[in-house]
Amino acid sequence: MESFTQTFQPPTTGSTNHRLPAKALKMHIETIKSQISDNYFYALVRENDVALVDPVDAKSAISFVKNSGKTLRMVLNTHWHPDHVSGNDEVLAAFDGVELVSGPDFERVNELVSHAVDRVVAHGDEIELGGQKIQVIETPGHTLGHVAFLADRHLLSGDTIFGAGCGHVKFGGDIKSLFQTFDSLLPTLSADIVYYPGHHYLQRNLEFGLHILPEDQATKEALNAELSLSRTLGEERKINIFMRTHEAQVQEALKSAHAEIWADEAAQSSSDAETAFRVLRNLRNSW
Ligand SMILES: [Zn+2]
C-alpha cells in the first residue's frame, strides 16, 4: 500500500491547484436505505449515467435506476462481504451492459455471486462515469482488499469509517492494516470530503466514545445534535475516537482503565497510537 500511497495524490485543502470550484462538482450522490438489511448504499449520478455502490437491496436499486430514467453503467463493490455484494446478480441481470467493478477483494466476490467481476481496480486507478473521474483508494483493514471510491468530494467508504467509529476486523479483516488506513491514509484526505458509510452506528459509537472520554465536549455535542449518516472528514475527526489515537488523553484513559488489554495489545503494536486503536477496537467489539 505504501508505494501506491506515494503515487496517489489525494486532493488537499491547502492547495488551490487541487481545489475544485463549486460549479465543477457535478457528481450527484443519492443515499438509498436497504429494505432488507441495515445497510445504506449509494448511487452516483453524472449526466445521464449511474453507478451503484454495494446495492445489496436489488429491488430498491433497480427501481431507483428505472425511476431516474438514466442509464446504469456500473456496479462498484467496496468489499466482498455478503451484505454488500449479494444484490449484484439481480441488479446486473436487470440491465444490459453493466460492468461489475471490484478492488483486490474480487476473488472473494466471485465466490459469492454468479456474475464475475468485469474489472479489477487498485489504488490510484480512475474509473470514468459520464466523463468524470472516480478515484480508487485502497482502505484495507475491515477486509484485506477493501476499497473506497472518491468522486468529487464524495467518499464512498464502505465499512471502513462509520460515524464516530470504524469497521470491525472479525470477518476476514486485519487490525494492523485498519490502523494504518486510519493513521496514514485517511489523514491525507481533504477535510471537506464527505464520507458515505455502509451502516449507521453513530449513536452507539458516540456513546462508546463518551464511555472512554466521559468529559469530551465534541462527543457530547454530537450526541445532542442530529445523528446524520454522513459528514465531512473534518467534522468526523473531532468526534471519532478511532481517529484520535495520537491524543494523550485517549491513550491515558485506556492505559489506566484497561491496563491488561493495553499490555496485550502493546506487545503487537509499533506505537502507542496503534495500541490505543487496537484496544478501542477490542473494547468496542464487546461493548
Ligand atoms: Zn463489511
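Everything numeric in this text was worked out from a predicted model, so none of it was measured.

### Focus on the overall build of the protein
So, step 1. For the protein, the helix and strand inventory stands at 12 helices and 14 strands.
So, step 2. In terms of overall size, the protein behaves like a compact globule, its C-alpha atoms giving a radius of gyration of 19 Å where 287 residues would be expected to give roughly 19 Å.
So, step 3. In terms of overall dimensions, the protein has C-alpha extents of about 60 × 45 × 40 Å along its principal axes.
So, step 4. Looking at the protein as a whole, 53% of its 287 residues are labelled buried.
So, step 5. When contacts within the protein are restricted to residue pairs at least 6 apart in sequence, long-range pairs at least 24 apart make up 61% of them.
So, step 6. Counting only carbon and sulfur atoms, one obtains 48% of the accessible surface of the protein, whose full area is about 12400 Å².
So, step 7. Seen as two clouds, the 25 positive and the 39 negative side-chain charges of the protein have centres 5 Å apart.

### Focus: the sheet that holds strand S14 (residues 231-232)
So, step 1. An order of S7-S8-S9-S10-S13-S14 is seen for the 6 strands of this open sheet, with the pairing classed as mixed. Across the chains shown, the open sheet's two edge strands, defined by having one partner strand only, are strand S7 (126-129) and S14.
So, step 2. Bridge count between strand S10 (residues 154-158) and strand S13 (residues 194-197): 4 bridges; the pairing is parallel. Bridging across to S13, His154 finds its partner in Val194.

### Brief notes about the coordination of the zinc ion
So, step 1. The zinc ion binds to the protein through His79 (NE2), His81 (ND1), His142 (NE2) and Asp159 (OD), with metal-donor distances spanning 2.1 to 2.3 Å.
So, step 2. Between the 4 donor atoms coordinating the zinc ion, the angles at the centre fall across 88 to 169 degrees, so the site counts as irregular.
So, step 3. Taken in chain order, the donor set of the zinc ion reads H-x1-H-x60-H-x16-D.
So, step 4. Residue classification places His81 among the buried positions, given a relative accessible area of 3%.

Rules used throughout
- Residues numbered from 1 in each chain as written.
- Predicted model: local features only at pLDDT ≥ 70, side-chain atom pairs only at ≥ 80, totals over all residues.
- Heavy atoms only, no water.
- Helix = DSSP H or I, 4+ residues; strand = E, 2+ residues; numbered from the N terminus.
- Rg over C-alpha atoms; globule rule 2.2 N^0.38 Å.
- Buried < 20%, exposed > 50% of the residue type's maximum accessible area, 1.4 Å probe, protein only.
- Contact = heavy atoms within 4.5 Å.
- Areas by Shrake-Rupley, 256 points an atom, 1.4 Å probe, with all protein chains shown as cover.
- Lys, Arg positive; Asp, Glu negative; His and termini not counted.
- Charge placed at Lys NZ, Arg CZ, Asp CG, Glu CD.
- Pairing = 2+ DSSP bridges.
- Donors = N, O, S within 2.8 Å, 3.2 Å for Na, K, Ca; no water.
- Tetrahedral: all angles 85-135°; square planar, octahedral: opposite > 155°, others 65-115°.

Everything listed here is a matter of geometry and, on its own, says nothing about what the molecule does.
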